[in-house]
Amino acid sequence: MGAVGLQTHIWANNTRSILLLVAFPILMVGILYGAQLILMGFGFLPGTGRGLGDDMALAASWLGWTVPMAGVAAAIWFAIAYFGSQTMVDLMTGARKVERRTEPDLYNLLENLAISRGLRTPALRIIESDSLNAFATGLHEGQYSITVTRGLMTALTRDELEAVLAHELTHVINKDVRTMVIASIFAGIISVIAELVFRSLIYSRGGGRRDNKNALPLILVGLAFAAIGFALAIVIRMMLSRTREFVADAGAVELTKNPDAMISALRKVEGRSSLKGPDEVQQLFLDNQPDGVGLEGMFASHPPIQKRIDALVKFGGGIDPGVWSVEETAPAQAYATSTPVAG
């Protein structure tokens, strides 16, 4: 973090985006194959009447037409998500777009940061929630947006709020937000495929019309393929999520030259960031609760705030004010050298 290496991180994220595009068809084929085996095992698809190997080979032969069909469906889903992702996020989180005339202080902070980097100012949105959180969305310039909660605006001082906006703007600069949105779209496609298959199994009356002597092995093998596909999808998303928060924190310090503001903002956010939204959207948040310990922490999309603060103290030269109480996060208790941004 001492040498932030933002351009290097941008290149790394471009590479990750390409890898996602390559990995997705492979994951989809594996999950489709597993789904076909499961459907064959339950008698919804015909078997060969011979051995397990013959049934598996027959299911593999069907991929010649099921994969193109799934590809068309995925392309349609991707197009819808590409052009309508922000609308969907707004509906799921309750975010609304605001302009300079309604939130001048907040808008000016974001605009000044964008100008300092020669960027077009992202759209600004607010969620009317007491939670302390923020996130960036969008796939390309002109579509990028930064969303903050009303609670964050109320609790943070001007310097702290500027640091959070700089953190989210760094996600835009690094192309983190684009990579995560693409990952979320792909995860949604995989989820839809899985839901269609398993809903058909659960709600079909009378089960399949065919008996298959290899039913149990087919179901087990199919579940194994599907489980591996889902596990790899989760691993890919986890790989994308963790390090980007450390780099965005460092990017915020580089933009504002104020590590203390980023640290104190994280302290105030800690334990107060819970915000409703689907898992795909929560991975975009400034902080995604729970920070977690043990098994829960292993699968958390964000590193613990304490680790992020430790990194900022060690490499950014900041000072940790310690854990904040609820009363201390109120605007009246903000730093004397800074004034809170009015909500």
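Residues numbered from 1 in each chain as written. Predicted model: local features only at pLDDT ≥ 70, side-chain atom pairs only at ≥ 80, totals over all residues. Heavy atoms only, no water.

Examining the layout of surface pockets
In this structure, the second largest pocket spans a volume of roughly 330 Å³. Around the second largest pocket, the lining is made up of 15 residues, and of these Met88, Met92, Ser184, Ile185 and Glu280 lie nearest the centre. When contributions to the lining of the second largest pocket are tallied by element, the ones reaching two or more residues are helix H2 (52-93), helix H6 (176-203) and helix H9 (279-282). No other element matches the six residues that H2 contributes to the lining of the second largest pocket. Considering only residue class, the lining of the second largest pocket consists of 10 nonpolar, four polar and one charged. (1 Å grid on protein atoms, 1.4 Å probe; cavity = no way out; pocket = protein on both sides within 12 Å on 5 of 7 lines; lining within 4 Å. Points joined across faces, edges and corners; volume = space filled by probe spheres on them. Helix = DSSP H or I, 4+ residues; strand = E, 2+ residues; numbered from the N terminus. Nonpolar A, V, L, I, M, F, W, Y, C, P; charged D, E, K, R; others polar.)

Things to note about unusual backbone geometry
Trans peptide bonds make up the majority, and among non-glycine residues the majority have a negative phi. For Lys257, which is not glycine, the phi dihedral falls at a positive 60 degrees. Mapped onto the secondary structure, Lys257 falls in the loop between helix H7 (215-256) and helix H8 (259-269). On the accessibility criterion, Lys257 (64% relative accessible area) is exposed. (Buried < 20%, exposed > 50% of the residue type's maximum accessible area, 1.4 Å probe, protein only.)

Topic: helix H11 (residues 305-316)
With 12 residues, H11 extends 15 Å from end C-alpha to end C-alpha; this agrees with the ideal 16 Å at 1.5 Å per step. Within the sequence span of H11, burial applies to Ile305, Arg308, Ile309, Ala311 and Leu312. Burial along H11 is one-sided: seen end-on, the buried residues are contained in an arc of 160 degrees. Counted as exposed and oriented over 90 degrees from the buried face of H11: Lys307 and Lys314. (Expected span 1.5 Å × (residues − 1). Arc of directions from axis to C-beta.)

Keep in mind these values describe shape, not function.
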